[in-house]
Structures are given as C-alpha cells and as structure tokens.
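Topology and contacts: notes
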Amino acid sequence: MIPVPHSRLVAYRDDGPLSRGMGMIVAGQLPPLPPALAGAFVTAVLLLVGVAGTEGLAVFAPAVALLLAGPGSSHAHDGRLDWLVPPILRLTEYVFVAAVGFAHDVPPFVIVLVLGAMAFHHYDVVYRLRQKVYPPPWLATLGLGWEGRMLLVALAGLAGMVTPVYLLLTAYLWGLFAWESLTCWLAAPRTGLDAADLGAED
C-alpha cells in the first residue's frame, strides 16, 4: 500500500509517462487549469469540424492539442479551481474516443466497452483514495494514461484499423484494470469496524 499524497487531484488526472515527463520539464511552475482548458477547447473545435473521421495526420490534432495539459501534471493542483482539471481531461478523452469510434463505424457496443474500462478505472481510483489506498505508480504507466490512449486511438484512425485497435484496447484495459483492482482490494487491510465484527464472532 502506498501513502496518499497531499493532493489527490494529481492521481485523479491519470497521467501517463508522456504527460508526467512533460510535467517534470516545467517542475510544477505551470498552473494546470489554463492549459487543460485550452487543450479541451481546441480539441472540441477540431472534432466539430470533422477531424475525427479523417485517416490522415489531422486525426492526431486533438490528441496533440490536449497535450497542452501535460506540463501541468507536476503542479500541486492547489488552486481554487484546479479541481476542474481531472473532469476536463476525462470529458475530452471520452468524447475523443467516442468520436473517432463512431466516425470510423466501430460497433457501438465496442465503443461502450472501451469507455467502460476507462470509466471503471477512474471510478476505482476515486473510491480507493477515499479509503486511503493510493494506486501504484506503474498502473497509470501500463494503462497508458489519458494522453497515451488518445494518441493510440489517433494512430488507429491514421492506420485505418480503428475497430481492431478498439477490440484490443478493450481486452487489454479491462484485463489490466480489473485484475489490479481485484488484487488491490483483496490485499487491503480490514477496517477497524470489520475487524471488531470479526473479533465478536470469534
């Protein structure tokens, strides 16, 4: 079990290696909210003009635009409105994944499964932090982070292999997040109340 840091918002971001590396460059000097808003705005505009349905390099534009939020990953997220950053990243990632999937005729149930795996992971992180159980650092790395998943989806659109990549991503993310969550909660210590109940039964 890993101690929970002072700011939980950093864990809620679900940054991958690329975003964390960009954050290390600026050493926490960049406020996280303005670049996240800028990246989300540019991404929304690009999706509205139909970039999600292209098979050229343009499909990378939303993912690259949202990388504006990467350098903010090392900030303490102690601003009054910094709590908005994780929801902005979640919404932008989900919309981008769904938009590319529907634009490339991926079966709707596959899109739902991909989004479900990501939503399950994000809910699990929120709940475990409430229980003072911090997710291991390698989980966000193997889970690719929000930026890694967006870039992978963009690469699938460029290669014209969106459906196969979504199927592989579904199996991989559900396998990784469900397995790690199960093993984590099985290893977590009982609460004081549970322990008292167990002692009373004995």
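Everything numeric in this text was worked out from a predicted model, so none of it was measured. (Residues numbered from 1 in each chain as written. Predicted model: local features only at pLDDT ≥ 70, side-chain atom pairs only at ≥ 80, totals over all residues. Heavy atoms only, no water.)

We now examine the confidence of the model for the chain. Of the residues in the chain, 89% reach a pLDDT of 70 or more, and the chain-wide mean stands at 83. The model gives residues 192–202 a pLDDT under 50, and that stretch makes two contacts with residues more than four places away or in other chains. (pLDDT = per-residue confidence, 0-100. Contact = heavy atoms within 4.5 Å.)

Overall, the coordinates contain three aromatic pairs when judged by the stated rule. Ring geometry for Phe120 and Trp174: centres 5.5 Å apart, planes at 35°, overall tilted. Here the residue Phe120 occupies a position in helix α6 (residues 108–130), and Trp174 occupies one in helix α9 (residues 162–187), the gap between them amounting to 54 residues. Between the aromatic rings of Trp138 and Trp179, the centroid separation amounts to 6.5 Å while the plane-to-plane angle is 45°, which identifies the pairing as tilted. With Trp138 in helix α7 (residues 137–142) and Trp179 in helix α9, this residue pair connects regions lying 41 residues apart in the sequence. (Phe/Tyr/Trp six-rings, centres within 6.5 Å; stacked < 30°, edge-to-face > 60°. Helix = DSSP H or I, 4+ residues; strand = E, 2+ residues; numbered from the N terminus.)

At a minimum axis separation of 5 Å, helix α2 (residues 17–26) and helix α8 (residues 145–159) run at an interaxial angle of 125°. Put simply, α2 runs oblique to α8. Residues Pro17, Leu18 and Ser19 of α2 form the contact with α8, whose own contacting residues are Trp146, Glu147 and Leu151. Here the residues of the contact of α2 with α8 are counted per class, giving four nonpolar, one polar and one charged. (Axes fitted to C-alpha atoms, helices over the stretch in contact; angles between N-to-C directions. Parallel < 35°, antiparallel > 145°, perpendicular 65-115°, else oblique. Nonpolar A, V, L, I, M, F, W, Y, C, P; charged D, E, K, R; others polar.)

Okay, a nonpolar patch on the surface next. On the surface, Phe41, Val42, Val45, Leu48 and Val49 cluster together into a nonpolar patch covering about 520 Å² of accessible area. Tracing the chain through its elements places Leu48 in helix α3 (residues 33–48). Its relative accessible area of 75% is what places Leu48 among the exposed residues. (Patch = residues over 30% accessible without salt bridge, like charges linked within 9 Å, V, L, I, M, F, W, Y side chains within 5 Å. Areas by Shrake-Rupley, 256 points an atom, 1.4 Å probe, with all protein chains shown as cover. Salt bridge = Lys/Arg side-chain N within 4 Å of Asp/Glu carboxyl O. Buried < 20%, exposed > 50% of the residue type's maximum accessible area, 1.4 Å probe, protein only.)

Counted according to the given criterion, the structure contains six salt bridges. The salt bridge partner of Asp15 is Arg13, with a shortest N-O separation of 2.6 Å. A residue is classified by how much of its surface remains accessible, and Asp15, at 6% relative accessible area, is buried. Measuring nitrogen to oxygen at the nearest pair gives 2.5 Å for the salt bridge that ties Asp124 to Arg128. Here Asp124 and its partner Arg128 are both found in helix α6, four residues apart, which amounts to about one turn of the helix. Like Asp124, the residue Arg128 is buried in the burial classification. Sharing partners across several salt bridges, the network here consists of Asp14, Arg90, Glu93 and Arg149.

With that settled, consider the environment of Arg13. The topology assignment puts Arg13 in helix α1 (residues 9–13). Sequence separation of Arg13 and Arg90 is 77 residues, and the distance between their C-alpha atoms is 8.0 Å. Apart from residues lying up to four places away in sequence, Arg13 is in contact with Ser19, Pro32, Ala69, Gly70, Gly72, Ser73, His77, Val85, Pro86, Leu89, Arg90 and Trp146.

A word on the side chain of Asp124. On the basis of relative accessibility, which here comes to 7%, the residue Asp124 falls in the buried class. Within polar-contact distance, the side chain of Asp124 engages the side chain of Arg128 at 2.5 Å. (Polar contact = N/O pair within 3.5 Å; in protein donor to acceptor, adjacent residues only side chain to side chain.)

This part covers α3. Under the 1.5 Å per step criterion, the end-to-end length of α3 is 22 Å for 16 residues, consistent within 8% with the ideal 22 Å. Turning to α3, its buried residues are Leu33, Pro35, Ala36, Gly39, Ala40, Thr43 and Leu47. Across the axial projection of α3, the buried residues extend over an arc of 165°, all falling on one side. Residues of α3 that are exposed and angled more than 90 degrees away from the buried face: Pro34, Phe41 and Leu48. (Expected span 1.5 Å × (residues − 1). Arc of directions from axis to C-beta.)

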